Each structure stands twice: as structure tokens, then as C-alpha cells.
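Understanding the architecture of this molecule
Each chain is listed here by its residues.
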Amino acid sequence: MTFEEFKLNPQLLNAVRDLGYETPTEIQQKSIPQVMAGHDVLGIAQTGTGKTAAYLLPLLMKVRYAQGTHPRALVLAPTRELAMQIEESLRQLAKYTDLRYAVAYGGVGPKTQIETIVAGIDILVATPGRMMDIYLKGDLVLKELKTLVLDEADKMMDMGFMPQIRRILEVIPVKRQNLLFSATFAEKVEKLSEEFLEFPVRVEATPPATPAVTVRQVLYEVPNLKTKAHLLEWLMQHDKSINRAIVFTRTRQTAENTYRFLARKLPEEQIRVIHANKGQNTRINSMEAFKEGNVRVLVATDVAARGIDVTQVSHVINFDVPLVYEDYVHRIGRTGRANQTGEAITFMTRAEQYHVEKIQKIIRMTIPREPLPEGVEIFPTPFEEEQAMAREIDEQRRREDPAFQGAFHEKKAKAQKAADAKAKKAGPKNTGPKNTGKSTGPNKSSGPKKTGKKFKAS
Ligand code: AMP
């Protein structure tokens with residue numbers, strides 16, 4: 001199949017040619033004709049499948065040329081990074097048209113965005129929060145809207161954007177074409193599509209949540225945070241095939257700590273970090289440097305990494321296991337793009353095993369485990385970290401079985417009882433520290449010296 005067969009206009013075909021796209025991807029083959037025919041479409045496609053052009057091309061066909069002042073198409077995205085990425089695709093695909101567009105996201109002042117909108121646009125790309133802000137100020141007229149796209153709808157729901165989306169639906173014309181794209185077809189997406197789409201045609205790139213076949217997945221069981229950090233360092237020092245890696249962490253704090261740790265161990269200019277606490281400019285600079293190949297490792301949180309479109313990522317390293325299980329698919333989808341092979345390495349503590357099992361159910365496969373490479377130093381688990389893991393495992397067991405009382409709490413209660421009895425025996429003069437359960441910790445060999453929160457270079 002070729003792009004010519006879609007009956008796109010010459011301006012769009014030329015832009016596609018300039019981009020070097022030879023054949024439409026699977027999602028493009030399936031969705032472009034449906035969108036062009038005017039149907040509501042539910043597209044299940046991960047990032048990297050060409051989903052952006054799958055909705056932008058027919059949308060550009062429909063909007064066609066500059067007309068009036070108010071936007072006729074709205075594309076909503078969960079994060080500014082994705083919004084920027086869509087803008088980039090829009091800029092490339094619309095370059096031979098006279099279409100006007102604006103992109104609105106938070107983190108920067110709204111002034112320029114509003115000026116662009118007020119000057120007259122045909123297409124608006126926005127994050128829901130910023131769009132609503134501008135609308136409520138009265139600077140955005142939505143009554144001409146004929147097409148609405150929700151990109152990464154699953155992520156929008158995970159990020160709690162549903163109330164904003166519902167409000168937006170209330171203020172836009174009822175008669176319109178709706179396109180909803182999501183990486184997975186989770187139950188919540190199904191519900192949203194019922195609410196939002198009219199007789200939708202469902203198109204799918206690959207079966208939902210099937211990791212790209214070009215990604216080799218590996219799982220390492222690692223006892224604790226400090227060993228994770230050293231395993232990461234070891235891989236960086238010894239595996240020369242890691243030339244462009246994204247290291248994912250669940251929290252900003254871990255991202256920052258991991259970054260600092262690596263910056264002490266490797267040439268600092270090879271490493272960057274992006275998370276929500278970093279300024280917008282720093283984030284953009286880091287992303288650009290990474291894209292250009294000047295940086296070997298990008299440490300990122302899931303949210304910050306949304307929408308990053310970098311080809312040739314050699315490795316995705318999950319420093320910790322994502323709790324939003326679909327994020328695993330998103331994360332590893334960063335590598336192995338466009339028929340290149342990539343590797344996804346996951347570090348798992350015993351407290352994270354529960355989540356890995358859930359992920360394996362979603363991806364319908366067992367992630368192959370490998371022993372830690374010889375030479376990776378294994379550190380004892382600090383007492384507090386061990387306790388925190390025990391508590392987490394209890395929590396997980398309770399989630400599966402609400403009747404479960406919790407081994408951790410039992411032990412703790414026993415220890416407390418014993419300590420109280422001892423204190424009583426010693427009499428009121430004993431002002432020494434209470435036994436806080438040190439002897440009951442699952443790892444007796446490690447003292448309570450370390451906090452377990454940070455890991456230091458040693
Ligand atoms: P997306 O899934 O929209 O994030 O797109 C992933 C990457 O695939 C982007 O770098 C696009 O420029 C690229 N791409 C989209 N469509 C095609 C195509 N038909 N042929 C080759 N590359 C494409």
C-alpha cells in the first residue's frame with residue numbers, strides 16, 4: 001500500500017515524501033481511510049507505530065486550508081512533551097499548506113499561546129488543563145470545532161484529566177468527528193469510548209500491550225536500591241552496546257538520586273535527567289541533547305518521558321518497576337523502534353515482584369530472568385529498606401486477600417510486646433532506646449545504620 005492510495009492532496013503527499021515515509025504503517029493503513037470517511041475512530045496503538053500521522057494526515061485533509069478565526073480541530077494530549085511532539089509532526093506535515101495552528105501547554109506563560117490563538121487558527125493542540133484555562137479567560141472560541149482527537153487517552157485518564165475532558169465535551173459542538181487513540185484497550189478506555197464516540201470503528205496496530213517484537217527483554221532480581229545503582233553503573237561501564245539509554249524511575253527523587261550517582265561514576269556530560277521539578281527549558285535542552293546523540297544516558301520519570309520521540313534508543317532500563325502497568329509497555333516501546341533492535345532491562349526487588357507478575361499478565365509473556373552479572377557488588381539491605389519492603393509485600397498480599405492480617409504487623413506487634421515487657425522488667429529508670437524491632441527485621445545481618453532512601457557512591 002502507498003500513501004497515494006489514500007487520496008491525500010499533493011501538499012500532504014509532498015510533506016510525507018520529504019519525511020521519507022515510504023509506506024504507511026499498519027495503524028495508518030487502517031485508520032486513515034476510516035477517518036477520511038468521516039467515522040469516529042478508536043485507535044489502539046502504542047507510541048512508535050506512526051499513530052500521530054495516522055490521525056494528523058486525515059485531519060489535515062479535512063481542515064484543508066486556512067479559514068475563519070476559530071479552530072476547527074482540537075487535539076488533546078496528556079503532557080506538554082507529547083503536545084510538543086504533535087506540534088513537530090504538524091509542522092512537518094502541514095508545511096506545504098497555509099494552515100494555522102497553536103499549541104497550548106502549561107509550564108510556560110500563556111501570553112504567546114493566547115496571541116497565536118486570537119490571531120486566528122485552524123488547529124489547536126493542547127493539554128486539557130491549559131486549554132480550559134484559556135477557554136475560561138474567553139480567549140478561545142470552540143463553536144466551529146468539527147474534529148476532536150484525544151491522544152494517549154489512557155494516560156489522560158491515569159493522570160486524572162477526566163473532569164477537564166468532560167467539561168471540554170460540554171462546551172464543544174455535539175456534531176463533530178471524534179478520534180480516540182490509546183496505547184492499550186483497558187476497561188477504562190472502553191468506557192470512555194462508549195461515552196465519547198459514536199458508532200466507532202476500532203482499529204489496532206498490534207494486539208493491545210504486546211511489546212514490540214524487536215525488543216529483547218531481561219529481568220534482574222536485585223536485593224536493594226544500592227545494588228540497583230551499582231548494577232546500573234556496572235552495565236554502563238561494561239556493556240558498550242549501551243550507547244543511548246533511557247533509565248526510567250518511578251519518582252522524581254529516585255531520578256535525581258540516580259542521576260547524581262551516575263554523574264559521579266561516568267563522564268558527567270554523558271548524562272542528563274528530566275523530571276517535573278526541572279525547569280521547562282532544562283528539560284527541553286536535555287531532550288534535544290539526547291535526541292542529537294550527544295548524551296549516552298537520559299534518566300527520566302514516566303511522565304517526563306512521555307512524547308519523547310527518539311529513534312535509535314539502544315536500551316531502556318527500568319530502574320524500578322512501574323506501578324501503572326501499561327507504562328511498562330510505553331517504556332520499552334522507546335527502544336526497538338522502526339525495526340531496530342533494542343533491549344529493555346528491568347531491575348526488580350522482592351517487593352516489586354508482585355508488580356512484575358501483573359505486567360507479565362498484561363504483556364502475556366514471562367520476562368526472561370538473568371542472574372546478576374559477575375562482578376556486580378551486592379550490598380546488604382539496610383534495615384529500614386528491608387522493613388519498607390516487608391510492609392509493601394504485606395500490603396500487596398492484603399490487596400489480593402483482604403482477610404490477610406499481615407506478617408509484618410504481627411511481627412511488629414510481637415516485638416513491641418516483648419520490648420514493653422523488657423522495659424517493664426528493667427524498671428522506670430531505664431531511659432535507653434526502646435527495642436524498635438531491630439531483631440525482628442527479616443534481614444538480621446544489616447544494622448539500622450542506613451536510611452535506605454539514598455544510595456551513596458562507594
Ligand atoms: P508516532 O507513533 O506517531 O510517535 O511515530 C513514531 C515515529 O515513526 C515518528 O518518528 C514518525 O516520524 C515515524 N513515522 C510515522 N509514520 C511513518 C511511516 N509511514 N514510515 C516511516 N516512519 C514513520
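Residues numbered from 1 in each chain as written. Predicted model: local features only at pLDDT ≥ 70, side-chain atom pairs only at ≥ 80, totals over all residues. Heavy atoms only, no water.

Going by an unreviewed UniProt entry, the protein chain carries the name ATP-dependent RNA helicase RhlE and comes from uncultured Cytophagales bacterium. Under Sequence similarities (unreviewed entry), UniProt gives the following word-for-word description of the protein chain: "Belongs to the DEAD box helicase family." (UniProt positions renumbered as here; feature names shortened; annotations may be inferred.)

1. What about the overall build of the protein chain?
Of the regular secondary structure elements, the protein chain holds 17 helices and 14 strands. The 458 residues of the protein chain split such that 53% are buried. By sequence separation, contacts in the protein chain at least 24 residues apart represent 76% of the contacts at least 6 residues apart. Accessible surface for the protein chain amounts to roughly 21,500 Å². Of this, 51% is attributable to carbon and sulfur atoms. (Helix = DSSP H or I, 4+ residues; strand = E, 2+ residues; numbered from the N terminus. Buried < 20%, exposed > 50% of the residue type's maximum accessible area, 1.4 Å probe, protein only. Contact = heavy atoms within 4.5 Å. Areas by Shrake-Rupley, 256 points an atom, 1.4 Å probe, with all protein chains shown as cover.)

2. What about the pattern of salt bridges?
Evaluated as defined, the whole model comprises 26 salt bridges. The salt bridge involving E343 is made with R216; its shortest N-O contact spans 3.0 Å. In this pair, E343 is assigned in strand 13 (residues 342-348) and R216 in strand 8 (residues 215-221), connecting sequence segments 127 residues apart. For E343, a relative accessible area of 16% corresponds to the buried category. Ionic pairing is found between E352 and R250, a salt bridge with its closest N-O pair at 3.4 Å. With E352 in the loop between strand 13 and helix 15 (353-363) and R250 in the loop between strand 9 (245-249) and helix 11 (252-265), this pair connects stretches of sequence that are 102 residues apart. (Salt bridge = Lys/Arg side-chain N within 4 Å of Asp/Glu carboxyl O.)

3. As for the environment of T214
Structurally, T214 can be placed in the loop between strand 7 (201-204) and strand 8. A C-alpha to C-alpha distance of 9.6 Å links T214 and G333, two positions 119 residues apart in sequence.

4. Thoughts on the site of the ligand
Around the ligand, the structure places 13 residues, and the nearest of them are Y21, Q28, G48, G50 and T52. For the ligand, an oxygen atom lies 2.5 Å from a polar atom in the side chain of T52. Protein coverage of the free-state accessible area of the ligand, which is 490 Å², stands at 76%. Grouping the amino acids of the shell around the ligand by side-chain chemistry returns 3 nonpolar, 8 polar and 2 charged. (Near = heavy atom within 4 Å. Polar contact = N/O pair within 3.5 Å; in protein donor to acceptor, adjacent residues only side chain to side chain. Nonpolar A, V, L, I, M, F, W, Y, C, P; charged D, E, K, R; others polar.)

5. Digging into the nonpolar core
Core analysis: the biggest nonpolar cluster contains 40 residues, and L8, Y55, L57, L60 and I86 have the highest contact counts within it. Put simply, the parts of the chain that give this core at least two residues each are helix 1 (10-19), helix 2 (26-36), helix 3 (51-63), strand 2 (73-76), helix 4 (80-93), strand 4 (123-126) and strand 6 (177-182). Sort the elements by how many residues they give to this core and helix 3 lands first, with 9 residues. Beyond its immediate chain neighbours, meaning those up to four positions away, L8 contacts F3, L13, M36, L57 and M61. (Core = buried A, V, L, I, M, F, W, Y, C linked by side-chain atoms within 4.5 Å.)

6. A few points about the sheet that holds strand 13
Spatially, 10-11-9-12-13-8-14 is the arrangement adopted by the 7 strands of the open sheet, whose pairing is parallel. The sheet is open, and its two borders are formed by strand 10 (271-274) and strand 14 (369-370), each paired with just one other strand. Pairing geometry for strand 12 (residues 315-318) and strand 13, over 4 bridges, is parallel. Across the sheet, the residue bridging to N318 is T346, located in strand 13. Relative to strand 10, helix 12 (residues 280-291) is tilted by about 135 degrees, and along the sheet it contacts strand 9, strand 10 and strand 11 (297-301). (Pairing = 2+ DSSP bridges. Axes fitted to C-alpha atoms, helices over the stretch in contact; angles between N-to-C directions.)

7. Some points on unusual backbone geometry
Residues other than glycine seldom take positive phi values, yet K7 does so here, at roughly 60 degrees. Here the phi dihedral of F199 falls at roughly 40 degrees; this positive angle occurs in a residue that is not glycine. Following the sequence through the fold, F199 ends up in the loop between helix 9 (187-196) and strand 7. Under the relative-accessibility criterion, F199 is labelled exposed at 75%.

8. Things to note about the confidence of the model for the protein chain
Per-residue confidence for the protein chain gives a mean pLDDT of 86, with 85% of residues at or over 70. Below a pLDDT of 50 lies the segment residues 428-453, which in the model reaches 33 contacts outside its immediate sequence neighbourhood of four places, other chains included. (pLDDT = per-residue confidence, 0-100.)

9. Considerations on the packing of aromatic side chains
The geometry of an aromatic ring pair is captured by the separation of the ring centres together with the interplanar angle, meaning the angle of the planes. Taken as a whole and assessed by the stated rule, the structure comprises 5 aromatic pairs. Look at F3 and Y21: their rings are 6.4 Å apart centre to centre, the planes differ by 35 degrees, and that puts the pair in the tilted class. Of the two residues, F3 is situated in the segment before helix 1 and Y21 in the loop between helix 1 and helix 2; the sequence distance between them amounts to 18 residues. Residue F3 is classed as buried on the basis of its relative accessible area, which comes to 3%. Between the aromatic rings of F319 and F347, the centroid separation amounts to 5.9 Å while the plane-to-plane angle is 55 degrees, which identifies the pairing as tilted. Of the two residues, F319 is situated in the loop between strand 12 and helix 14 (326-332) and F347 in strand 13; the sequence distance between them amounts to 28 residues. Members of the aromatic cluster, joined through ring pairs, are F3, F6 and Y21. Above the ring of F185, the side-chain terminus of R202 is found at 3.8 Å from the ring centroid. Against the face of F319 rests K228, its NZ or CZ located 5.7 Å from the ring centre. (Phe/Tyr/Trp six-rings, centres within 6.5 Å; stacked < 30°, edge-to-face > 60°. Lys NZ or Arg CZ within 6 Å of the ring centre and 35° of its normal.)

10. Looking at the packing of helix 10 (residues 225-238) against helix 11
It is at 10 Å that the axes of helix 10 and helix 11 come closest, and there the two elements cross at 45 degrees. The pairing of helix 10 with helix 11 is recorded here as oblique in orientation. Along this stretch, helix 10 crosses helix 11, giving a crossing that reads as right-handed. Note on element contacts: helix 11 touches helix 10 through T258, F261, L262 and K265, opposite A229, H230, L232, E233, M236 and Q237. Split by residue class, the contact of helix 10 with helix 11 holds 5 nonpolar, 3 polar and 2 charged. (Parallel < 35°, antiparallel > 145°, perpendicular 65-115°, else oblique. Left-handed = near helix turned anticlockwise from the far one by under 90°.)

11. A short note on the sheet that holds strand 1 (residues 41-44)
Strands pair in a sheet through their backbones, by hydrogen bonds, and they do so in one of two ways: parallel or antiparallel. If you trace the 7 strands from one edge of the open sheet to the other, you get 3-4-2-5-6-1-7, paired in parallel fashion. Of all the strands in the sheet, the pair left with one neighbour each is strand 3 (101-104) and strand 7. Each neighbouring strand pair of the sheet contributes to a mean axis angle of 15 degrees, computed without reference to strand direction. With 4 bridges joining them, strand 2 and strand 4 adopt parallel strand pairing. Its bridge partner being in strand 4, L74 is matched across the sheet by L124.

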